[in-house]
Amino acid sequence: MASITFKNVSKVYPGDVKAVTDLNLEIKDKEFVILVGPSGCGKSTTLRMIAGLEEITQGELYIGDRLVNDVHPKDRDIAMVFQNYALYPHMTVYKNMAFGLQLRKVPKDEIKRRVTEVAKILDIEHLLDRKPKALSGGQRQRVALGRAMVRNPQVFLLDEPLSNLDAKLRTAMRSELIKLHKRLETTFVYVTHDQIEAMTMGDRIVVMNDGFMQQVDTPQNLYNYPANLFVAGFIGAPQMNFLDAIVKVEGGETIVDFSGNYQFTLTGEKAHKLKPYAGKVVVAGIRPENIKIPEAGELSDYKTKALVEITELMGSEIYVYLDCYGEKLICRTPSDTIVTPDSRIEIAFDINKMHFFDKETEKAICH
């Protein structure tokens, strides 16, 4: 079993710098889990604690059923792939991949078999006699993966392994890593600050900020049901639009009023959950794709006016930057939509896709 369990784990650096605080997380055997968040959120520290490269200040860390707080990195049966690949420049690809096995006194025939087999899987057989300086970024990345794979570890740890590659190669390598995970049937823990990588690769995503785990769930659930304002704003590109709204209850109806400029009457679960907030300000969140530019004559109860500031053509769609009574909004619409900068247009909100958050606690009220 290569499950990984954090029980109340914290990491504090000298000077009382809290990198990770009270982390409780279970990563299942053979799962592909992504740790994501902005720089300094604690994701790489978390990965390095699994590897044994950082000591745990408080709490317990288990790999399988074994408590590994005091277990040396080489005895944890993990392999790590770093952002800068960490290849030995004076060694050939073959020797880079074989070196860890040689240190473990694995027989030469077995080393050759494993290196050849892994090189074939990664399509780097023709590179075995080259040195790292003669390789492209993508080839070096494959060698770094190969060096980890030959050890047959229980757990793969990957620390921003694609960040040095160009956009096209990153896309290709993402799909290669997903295939590799399925083929190896090993636990993968992957750190990135790139939420597109996180959304496309992970079985589950752990969103971190300021050393705290904000939410852990499937990519789809994170997108549709963010637990708080941070997750809602971090997951999704362009990011979610946020608007302050006053909740009013009039004649049994629940109404959200946007600074007195326009208001919507809510129904169903949203109306029920927002009733206790009568007279209070809440934060309404709506994703750019859920703001529509209706065609002439198209009916909607949730319309208002906005000024088009600029537009960005993104191929199959246009990002429309709007000023809605002083609030800045982004709308994402098909590229055949006719919209002109400096024009005043009508926009419609998909109220069923609107999220509401408590302004004080920043926690989700309803989706």
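Cut-off values and rules
Along each chain, numbering runs from 1 in the same order as the chain's sequence is written. Where totals are concerned, whole chains, interfaces and linings use all residues; where local detail is concerned, this predicted model gives features only for residues with pLDDT of at least 70, and gives and counts side-chain atom pairs only at 80 or more. For the side-chain quantities, the full set of heavy atoms in the structure was used; hydrogens and water were omitted. Two strands pair if DSSP finds at least two bridges between them. A run of H or I in DSSP counts as a helix once it spans at least four residues, and a run of E counts as a strand once it spans at least two, with each numbered from the N terminus. Throughout, exposure labels follow a simple rule: accessible area from a 1.4 Å probe, protein chains only, divided by the maximum for the residue type, with under 20% read as buried, over 50% as exposed, and the rest as partly exposed. By the convention used here, residues are in contact when the closest approach between their heavy atoms is within 4.5 Å. Throughout the structure description, domain borders are defined by an automatic or database domain assignment. Throughout, the accessible surface (probe 1.4 Å) given up by two parts as they are put together, summed over both, is called the buried area. By definition, a salt bridge exists where a carboxyl oxygen of Asp or Glu is found within 4 Å of a side-chain nitrogen of Lys or Arg. Whenever a nitrogen or oxygen atom comes within 3.5 Å of another N or O atom, the pair is scored as a polar contact, on the condition that within protein one atom can donate a hydrogen and the other can accept it, and that pairs from neighbouring residues in sequence are kept only if both atoms are in side chains. All amino acids are sorted into three groups, where Ala, Val, Leu, Ile, Met, Phe, Trp, Tyr, Cys and Pro are nonpolar, Asp, Glu, Lys and Arg are charged, and the leftover types, Gly among them, are polar. Buried residues of nine kinds, namely Ala, Val, Leu, Ile, Met, Phe, Trp, Tyr and Cys, make up a nonpolar core once their side-chain atoms join them within 4.5 Å. For every residue, the predictor reports its confidence as pLDDT, a number between 0 and 100.

## Quick look at the pairing of strand β2 (residues 17–27)
Right, on to step 1. Pairing of strand β1 (residues 4–13) with β2 involves seven bridges; the strand directions are antiparallel. Its bridge partner lying in β2, phenylalanine 6 is registered against leucine 25.
Right, on to step 2. From the end of β1 to the start of β2, which pair antiparallel, there are three residues, and glycine 15 there has a positive phi angle of about 90 degrees.

## Some words on helix α2 (residues 93–103)
Right, on to step 1. Those residues of α2 not exposed but buried are Val93, Asn96, Met97, Ala98, Gly100 and Leu101.
Right, on to step 2. On its buried face, α2 is in contact with α3 (108–121) and α4 (137–149).
Right, on to step 3. Directly beyond the C-terminal end of α2, a positive phi value near 60 degrees is found at lysine 105.

## Concerning the domain arrangement of the chain
Right, on to step 1. Along its sequence, the chain is carved into domain 1 (4–234) and domain 2 (241–366).
Right, on to step 2. The straight-line distance from the C-alpha centre of domain 1 to that of domain 2 is 39 Å.
Right, on to step 3. The interface of domain 1 with domain 2 comprises nine residues on the first partner and nine residues on the second.
Right, on to step 4. Buried surface at the junction of domain 1 and domain 2, both sides included, amounts to about 800 Å², of which 59% is carbon and sulfur.
Right, on to step 5. Counting across the domain 1 and domain 2 interface gives zero salt bridges.
Right, on to step 6. Counting every contact that joins domain 1 to domain 2 gives four residue pairs in polar contact (both at pLDDT 80 or more).
Right, on to step 7. Looking at the side of domain 1 that touches domain 2 residue by residue, the classes come out as six nonpolar, three polar and no charged.

## Describing the pairing of strand β9 (residues 204–209)
Right, on to step 1. Most of β9 sits out of view: six of its six residues are buried.
Right, on to step 2. Burial along β9 is two-sided: Arg204, Val206 and Met208 and Ile205, Val207 and Asn209, pointing in opposite directions, are all buried.
Right, on to step 3. Strand direction decides the pairing type here: strand β3 (residues 32–36) and β9, joined by four bridges, are parallel. Bridge pairing in β9 links isoleucine 34 to isoleucine 205.
Right, on to step 4. Note: β9 against strand β10 (residues 212–217), five bridges, orientation antiparallel. Note that in β10 the partner of asparagine 209 across the bridge is phenylalanine 212.
Right, on to step 5. Where β9 folds back on β10, the antiparallel hairpin that results is connected by two residues, among which aspartate 210 adopts a positive phi of roughly 55 degrees.

## Digging into the nonpolar core
Right, on to step 1. Ile34, Met97, Leu145, Leu158, Leu177 and Tyr190 are the most contacted members of the largest nonpolar core, which has 44 residues in total.
Right, on to step 2. If you tally residues by element for this core, the top one is α4, at five residues.
Right, on to step 3. In contact with leucine 145, not counting residues within four places along its chain, are Val81, Leu122, Phe156, Leu158, Met173, Leu177 and Leu180.
Right, on to step 4. One finds Ala271, Ile286, Tyr302 and Cys331 within the second-largest nonpolar core, a separate group that totals 34 residues.

## With respect to the confidence of the model for the chain
Right, on to step 1. Across the chain, the average pLDDT comes to 92, with 99% of residues at 70 or higher.
Right, on to step 2. Ranking the elements of the chain by mean pLDDT puts helix α5 (residues 167–184) last, at 85, and strand β20 (residues 355–358) first, at 98.

## Considerations on the environment of lysine 43
Right, on to step 1. Mapped onto the fold, lysine 43 is located in helix α1 (residues 43–51).
Right, on to step 2. With 24 residues separating them along the chain, lysine 43 and alanine 19 place their C-alpha atoms 8.8 Å apart.
Right, on to step 3. Ignoring sequence-local partners within four residues, the contact set of lysine 43 consists of Leu35, Val36, Gly37, Pro38, Glu160, Val191, Thr192, His193 and Met208.
Right, on to step 4. Reaching out from lysine 43, the side chain makes a polar contact with the backbone oxygen of proline 38 at a distance of 3.3 Å.

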